Amino acid sequence: MDQEQSGKILVVDDEERIRRLVRMYLERENFEVTDAEDGEEALTLALEEDFDVILLDLMLPGKDGIEVCKELREKKATPVIMLTAKGEEANRVQGFEVGTDDYIVKPFSPREVVLRVKALLRRSSTTKFLQTETATEDVLVFDHLTIENDAHRVKADGSDVNLTPKEYELLLFLAQSPDKVFDREELLKEVWQYEFFGDLRTVDTHVKRLREKLNKVSKEAAKMIVTVWGVGYKFEVDGE
């Protein structure tokens, strides 16, 4: 691995033991790590500094992880991985609804954390972690929507649409195969790059948020993401 590659990671957990363990493994991989022990401190740091990934515990004193992510998403699209306990499935779904990109269930392997962070960085639209210097033009243009992949920019009827990394990846994946229907399992595998143990609501919540953001600037662009009942979703270019 190129030792010059690095990323800034914010680790948020109220247990010092977990923060110390995660920090140790991330720093071994040449990441720059900052940590916080509660939601207020985490939100302040996340808004003041530009992190490449935030590892955010769900259960925190003061503001919990859901509230931190919700407030963060009002101003930034920093990738967020939520740390949750086994019995918090409903909270994980709520986390996706407020803009979480991924989750890891406690107890977890520190190696898994490192792999998830790297996977998110590779596909993140906000990090400069693995950008190449020789970008080539890669633009998808439709009647009401333009995706500039090199710049990771989306415009709907001429207006910028601020998407989280996973929302952007989902839109790009669908748009690259117009009118092709993808089931939820396929989208989980292709967009998230690993199995989500059947949590198909992950896809549904991201599609919902994506449509809502597009709809704010272009109802026609939002209509391009079509639900195929009983199957999954497609990107429709000829729909009215």
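Everything that follows concerns the structure shown earlier in this document.
Residues numbered from 1 in each chain as written. Predicted model: local features only at pLDDT ≥ 70, side-chain atom pairs only at ≥ 80, totals over all residues. Heavy atoms only, no water.

Asker: Hey, could you go over the overall build of the chain for me, with residue numbers and the actual values?
Answerer: Across its full length, the chain holds 9 helices and 12 strands. Of all 240 residues assigned to the chain, the portion counted as buried reaches 49%. The contacts in the chain between residues at least 6 apart in sequence include a share of 60% that link residues at least 24 apart. Surface accessibility of the chain: about 12100 Å² in total, with carbon and sulfur atoms responsible for 45%. (Helix = DSSP H or I, 4+ residues; strand = E, 2+ residues; numbered from the N terminus. Buried < 20%, exposed > 50% of the residue type's maximum accessible area, 1.4 Å probe, protein only. Contact = heavy atoms within 4.5 Å. Areas by Shrake-Rupley, 256 points an atom, 1.4 Å probe, with all protein chains shown as cover.)

Asker: I'd like a rundown of the side chain of Lys 234, residues and numbers included.
Answerer: For Lys 234, the location among the structural elements is in strand 12 (residues 232–235). According to the relative accessible area criterion, Lys 234 is buried, its value standing at 17%. Only 3.2 Å separates the side chain of Lys 234 from the side chain of Glu 236, close enough to count as a polar contact. Not counting residues within four places of it along the chain, the set of residues in contact with Lys 234 comprises Leu 174, Asp 179, Lys 180, Val 181, Met 224, Ile 225, Val 226 and Val 228. (Polar contact = N/O pair within 3.5 Å; in protein donor to acceptor, adjacent residues only side chain to side chain.)

Asker: Give me the packing of aromatic side chains: which residues, what numbers.
Answerer: Per the counting criterion, the structure on display carries 2 aromatic pairs. On the numbers, 4.8 Å between centres and 55 degrees between planes, the contact of Phe 142 with Phe 235 is tilted. Of this pair, Phe 142 sits in the loop between strand 6 (139–141) and strand 7 (145–148) while Phe 235 sits in strand 12, and the two are 93 residues apart along the sequence. Both residues of the pair, Phe 142 and Phe 235, count as buried. Ring plane angle 50 degrees and centroid distance 4.8 Å describe the contact between Phe 173 and Phe 182, whose orientation is recorded as tilted. For Phe 173, a relative accessible area of 19% puts it in the buried group. A relative accessible area of 2% places Phe 182 in the buried class. Directly above the aromatic system of Phe 51 lies the positively charged group of Lys 8, at a separation of 5.3 Å from the ring centroid. The aromatic ring of Tyr 25 is capped on one face by Arg 28, whose charged end is 4.8 Å from the ring centroid. (Phe/Tyr/Trp six-rings, centres within 6.5 Å; stacked < 30°, edge-to-face > 60°. Lys NZ or Arg CZ within 6 Å of the ring centre and 35° of its normal.)

Asker: Describe helix 6 (residues 165–175), naming the residues involved and giving the relevant values.
Answerer: For helix 6, the buried fraction is high: 11 of the 11 residues fall into the buried class. If you check which residues of helix 6 are buried, you get Pro 165, Lys 166, Glu 167, Tyr 168, Glu 169, Leu 170, Leu 171, Leu 172, Phe 173, Leu 174 and Ala 175.

Asker: Which residues make up the sheet that holds strand 10 (residues 182–183), and what values do they have?
Answerer: Two strands in a sheet stick together by hydrogen bonds in their backbones, pointing the same way (parallel) or opposite ways (antiparallel). Spatially, the 3 strands line up as an open sheet ordered 10-12-11, and their pairing is antiparallel. The strands lining the two open edges of the sheet, one partner per strand, are strand 10 and strand 11 (225–228). Taken together, the 4 bridges between strand 11 and strand 12 define a ladder with antiparallel strand orientation. Each bridged residue has a counterpart across the sheet, and for Val 228 the counterpart in strand 12 is Gly 232. (Pairing = 2+ DSSP bridges.)

Asker: Any details on the sheet that holds strand 9 (residues 159–160)? Residues and values, ideally.
Answerer: Strand order in the open sheet formed by 4 strands is 6-7-8-9, with antiparallel pairing between adjacent strands. Strands at the two margins of the open sheet, each flanked by one partner only, are strand 6 and strand 9. Taken together, the 3 bridges between strand 6 and strand 7 define a ladder with antiparallel strand orientation. From the neighbouring strand, Leu 140 faces strand 7, where its bridge partner is Ile 147. Sitting on the sheet, helix 6 is in contact with strand 6, strand 7 and strand 8 (153–156), with an inclination near 110 degrees to strand 7. (Axes fitted to C-alpha atoms, helices over the stretch in contact; angles between N-to-C directions.)

Asker: Go over the pairing of strand 3 (residues 53–57) with me, naming the residues and quoting the values.
Answerer: If a strand is regular, its side chains alternate between the two faces of the sheet. Taken across its 5 residues, strand 3 has 5 buried, putting it largely inside the fold. The side-chain alternation of strand 3 yields two buried faces, one formed by Val 53, Leu 55 and Asp 57 and the other by Ile 54 and Leu 56. One ladder, built from 4 bridges, connects strand 1 (residues 8–12) with strand 3; its direction is parallel. Across the sheet, residue Val 12 finds its bridge partner in strand 3, namely Leu 56. Following the backbone out of strand 3, through helix 3 (residues 65–73) and into the adjacent parallel strand 4 (residues 80–85), one traces a crossover that is right-handed. (Right-handed = clockwise from strand over helix to strand, strands pointing away.)

Asker: I'd like to hear about the packing of helix 2 (residues 39–48) against helix 3, residue by residue, with values.
Answerer: At a minimum axis distance of 10 Å, the contact between helix 2 and helix 3 shows a crossing angle of 20 degrees. The angle between helix 2 and helix 3 places the two elements in the roughly parallel class. Our pair here, helix 2 against helix 3, has a crossing hand that is right-handed. Contact residues: helix 2 offers Gly 39, Leu 43, Ala 46 and Leu 47, while helix 3 offers Val 68, Glu 71 and Leu 72. Residue composition of the contact of helix 2 with helix 3, grouped by class: 5 nonpolar, 1 polar and 1 charged. (Parallel < 35°, antiparallel > 145°, perpendicular 65-115°, else oblique. Left-handed = near helix turned anticlockwise from the far one by under 90°. Nonpolar A, V, L, I, M, F, W, Y, C, P; charged D, E, K, R; others polar.)

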